[in-house]
Amino acid sequence: MKQIPERSAVPTALTWDLTTIYPDDSGFDQAVATVKAQAQKVAQLQGKLATSGEQLYQVTAAIFDLNRQLERLYVYASLKNDQDTSNAHAQDLSGQAESLVATVAAATSWYEPEVLGLEPATLQGLIDAEPRLADYQHIFDVLGQRRDHTLSAPEEKLLAGAGDIFGASAKTYSVLSDADLQFPVVQDEEGHDVRLSEGLYGVLLQSTTPKVREQAFKALYSVYQQFRHTFASTLASEVKTHNYTAQVRHYGSAREAAMSSNEIPAVVYDTLVKTVNQHLDSLHQYVGLRKEILGLPELHMYDLYTPITGEPSLKYTYPEAQQEALKALSVLGPDYVANVQKMFDTRAIDVVENKGKRTGAYSGGMYDTKPYILLNWQDSLESLFTLVHEMGHSMHSHYTRSNQPYQYGDYSIFVAEIASTTNENLLTDYLLKTQTDPHVRAYVLNHYLDGFKGTVYRQTQFAEFEDYIHTQAAAGQSLTADFMSKFYGDLNARYYGDNVISDPQIADEWTRIPHFYYNYYVYQYSTGFAAATTLSQRILSGDPAKRDAYLNYLKSGDSASPLEVMKRAGVDMTQPDYLDRAFKTFDERLAEFTKLARELKK
Ligand SMILES: [Zn+2]
């Protein structure tokens, strides 16, 4: 058994260096005092921004500066906390940072309504009168788009006060599914009794023993099905909240309200759904291949996650993985590679697992710090994929922060996963070019195809369901469990096709998907994955102009709308082309995988 070390036993070289944020905790304490004092000052600026362009600049700059200092101390505290969540001192820092977020939000809440209270011409006059405001034009443009959807101050206050109440159904959903649901005991691969949970379910569904998968599937759904009317009630209430909020803010639909917060037009969503539906036959084919390779007389919904290529024989130590990452990403040019190397050389990465460390992986940091990466390294191909994924986020942050002013120094969720997934695609391509062992090649191809299935197809399926229940509810339909299950079951059968048995339980899958409470979030996973496939091919074409267009996207941050940024990078997300190209890649890799998998089975 591998022992997980205490934090103090981890070699320094494998930990991140937080002293470049503050040399020690006294720097953090000072920052807290400064932010508190500055928040008080900013609160007193209320009512003063319209007197001149100079004044509008001073107020705006003061608010951004306050948030910038807040972010820095917040990042310091949260990284410290994540490296060892059992550390009481780190918990204290994190608690202080959390409460300061609320303090700053309260001290600056008047700013947006005050700006939007100005006539558009008056506001533009003030901006034009002060040259230093030119760098904030896009901020004001985005704010201006909310003008018609912002209510009077007393109405906004009423809505804000009801925020907790509007969030109640999502809260009830998560308490019920995370805390209260009790799952039965089932047998694992070795025949041992194990108490089922959502986490263990994911593991058991990958079992190579069909009986284990079936039993886990049936046991899990038997529990959700006991509460399907309760889940229908929480989901219906959540949908009503989205619809109601959109209506009182004068949006045409909940979808329009949600998407406009990222400046994304409806056509992006509609194009995605339409195009994915035109390519469902590729998914049917992939599912059919799974049935063939597994040699099952019947393929059930619970047979979709067991590996069909076996475990990968490739293992990488962390130093080996660093070298592979550098080679795979070298197509992005010497500057990109040098910046990746710098991440390795300056202790920007917290590499290994230790007791109390947050699980999973992420890329963090803020405008004035280096990008930081948290990993829980295992010597596996999967960890190498995680490393290049998080490196994609970190390089996006690096290039944005070194090319944009603070106010544009972040990027929207719509474009964020594109940088990371592009890197995964570049690694896939690199491995296919360098690995000759058919088992390894099959694993790499399957990794890509499964990612595509789980992201482009599955998240679009979710998006279709989500839009259906919102529009039905808006039209007066009551969202009962049976009504939702009928649609979901049919939808699922349409996505997976005739090669898989649509087990009756799957019609109730909506009961256990937390993303349906995220308000039109999931479609971005699909658009992002498809855009990344197209962008990586442009990079790999060897045309330096295409590579530079990609790097330019990394440098753009929030300086323009996400769609504009992607368009300049070479992907027009209002058109189906980028999706069609992604499906072409899926089909090509599926053909190669089919050939390999059949040969390996012989
Ligand atoms: Zn990511």
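Small disclaimer: the values here were computed from a predicted structure and weren't measured.

Asker: Just to check I follow, could you spell out the overall build of the protein for this structure?
Answerer: Secondary structure summary: the protein contains 25 helices and seven strands in total. Taken against the 2.2 N^0.38 rule, which gives 25 Å for 602 residues, the C-alpha radius of gyration of the protein at 25 Å falls within 12% of a compact globule. Dimensions of the protein, computed from the C-alpha atoms along their principal axes, are close to 80 × 60 × 50 Å. Buried residues in the protein amount to 53% of all 602 residues.

Asker: It is not clear to me how unusual backbone geometry should be interpreted in this structure. Could you clarify?
Answerer: Notably, H250 is not glycine yet its phi reads approximately 65°, a positive angle. As for its position among the elements, H250 is in the loop between α12 (228-248) and α13 (254-260). Classification of H250 by relative accessible area gives exposed; the value is 54%. One non-glycine residue with positive phi stands out, namely R347, at about 50°. Relative to the elements of secondary structure, R347 occurs in the loop between α17 (334-345) and β4 (349-350).

Asker: In this structure, what is going on with the pattern of salt bridges? I would like to understand it.
Answerer: A side chain of one charge can pair with a side chain of the opposite charge if their charged atoms are brought near each other. Counted under the stated rule, the structure contains 29 salt bridges. E130 is the salt-bridge partner of R132, the closest N and O atoms lying 2.9 Å from each other. A salt bridge links R228 to D508; the shortest N-O distance between them is 3.3 Å. Of the two residues, R228 sits in helix α12 while D508 sits in the loop between β7 (500-501) and α22 (523-540), which places them 280 residues apart along the sequence. Here the two residues R228 and D508 agree in accessibility, since each one is buried.

Asker: Got a minute to help me understand the coordination of the zinc ion in this structure?
Answerer: Geometry reference: four tetrahedral donors at a metal, ideal angle 109.5 degrees. Six octahedral donors, ideal angles 90 or 180 degrees. Donor atoms from the polypeptide that bind the zinc ion are H389 (NE2), H393 (NE2), E417 (OE) and E417 (OE), placed at 2.1 to 2.5 Å. What the four donor atoms of the zinc ion show is an angle range of 52 to 141° at the metal, which sorts the shape as irregular. Spacing between the donor residues of the zinc ion along the chain follows H-x3-H-x23-E. Of the two residues, H389 and H393 both sit in helix α18 (residues 381-403), four residues apart, roughly one turn of that helix.

Asker: Is there a simple way to explain the UniProt feature "domain: Oligopeptidase F N-terminal" (unreviewed entry) in the protein in this structure?
Answerer: Here, UniProt's "domain: Oligopeptidase F N-terminal" (unreviewed entry) annotation points to residues 114-183. Taken end to end, residues 114-183 is 67% helix and 0% strand, and its first and last C-alpha atoms sit 52 Å apart.

Asker: Would you mind going over α18 with me for this structure?
Answerer: Because the α-helix completes a turn every 3.6 residues, residues three or four places apart line up on one side. With 23 residues, α18 should reach 33 Å at 1.5 Å per residue; the first-to-last C-alpha distance of 33 Å fits that figure. Summarising burial for α18: 18 of the 23 residues are buried, a large majority.

Asker: Looking at this model, I keep getting lost on the side chain of D17. Mind explaining?
Answerer: Within the secondary structure, D17 is located in the segment before α1 (25-43). R347 provides the closest opposite charge to the buried, salt-bridge-free D17, at an N-O distance of 4.4 Å. Here the side chain of D17 touches T19 through a polar contact of 2.6 Å, side chain to side chain. Excluding its chain neighbours within four sequence positions, the residues that come into contact with D17 are T346, R347, K370 and Y372.

Asker: Any chance you could explain the nonpolar core here in plain terms?
Answerer: Nonpolar side chains tend toward joint burial in soluble globular proteins. Within the largest apolar cluster, 143 residues are counted, with the highest numbers of intra-cluster contacts made by I349, F465, W510 and Y553. Examining the composition of this core, we find that 15 residues originate from one element, helix α20 (residues 438-474), more than from any other. L66, V75, V104 and L116 belong to the second-largest nonpolar core, a separate cluster that totals 47 residues.

Asker: Would you explain the environment of Y111 in this entry?
Answerer: Inspection of the secondary structure assignment puts Y111 in helix α4 (residues 111-116). With relative accessibility at 9%, the residue Y111 sits in the buried group. With 309 residues separating them along the chain, Y111 and S420 place their C-alpha atoms 34 Å apart. Apart from residues no more than four positions distant in its own chain, Y111 is found in contact with L49, V59, T60, I63 and F140.

Asker: Please clarify how the sheet that holds strand β5 (residues 362-364) should be interpreted in this entry.
Answerer: Working definition: the strands of a sheet are paired by backbone hydrogen bonds and lie parallel or antiparallel to each other. In spatial order, the strands read β4-β6-β5; together these three strands make up an open sheet with mixed pairing. Two strands close off the open sheet at either side, each with one partner strand: β4 and β5. Relative to strand β6 (residues 372-374), β5 is paired through three bridges, and the arrangement is antiparallel. Looking at β6, one finds that Y362 is bridged to L374.

Asker: Hey, could you run me through the domain arrangement of the protein in this one?
Answerer: Frequently, the measure chosen for interface size is the accessible area that the parts lose on association. In terms of domain boundaries, the protein breaks down into domain 1 (19-166) and domain 2 (184-301 + 458-517). Placing the centre of domain 1 and that of domain 2 at their C-alpha centroids yields a distance of 38 Å. Listed by partner, the interface residues are ten residues for domain 1 and nine residues for domain 2. Contact with domain 2 buries area across many residues of domain 1, yet H149, L151 and F166 alone supply 58% of it, more than any other trio. At the surface where domain 1 touches domain 2, the tally comes to one salt bridge. One salt bridge connects E156 with R249, and the closest N-O pair in it is separated by 2.7 Å.

Scoring rules and cut-offs
- Residues numbered from 1 in each chain as written.
- Predicted model: local features only at pLDDT ≥ 70, side-chain atom pairs only at ≥ 80, totals over all residues.
- Heavy atoms only, no water.
- Helix = DSSP H or I, 4+ residues; strand = E, 2+ residues; numbered from the N terminus.
- Rg over C-alpha atoms; globule rule 2.2 N^0.38 Å.
- Buried < 20%, exposed > 50% of the residue type's maximum accessible area, 1.4 Å probe, protein only.
- Salt bridge = Lys/Arg side-chain N within 4 Å of Asp/Glu carboxyl O.
- Donors = N, O, S within 2.8 Å, 3.2 Å for Na, K, Ca; no water.
- Tetrahedral: all angles 85-135°; square planar, octahedral: opposite > 155°, others 65-115°.
- UniProt positions renumbered as here; feature names shortened; annotations may be inferred.
- Expected span 1.5 Å × (residues − 1).
- Lys, Arg positive; Asp, Glu negative; His and termini not counted.
- Polar contact = N/O pair within 3.5 Å; in protein donor to acceptor, adjacent residues only side chain to side chain.
- Contact = heavy atoms within 4.5 Å.
- Core = buried A, V, L, I, M, F, W, Y, C linked by side-chain atoms within 4.5 Å.
- Pairing = 2+ DSSP bridges.
- Domains from an automatic or database assignment.
- Buried area = accessible area lost by both parts, 1.4 Å probe.

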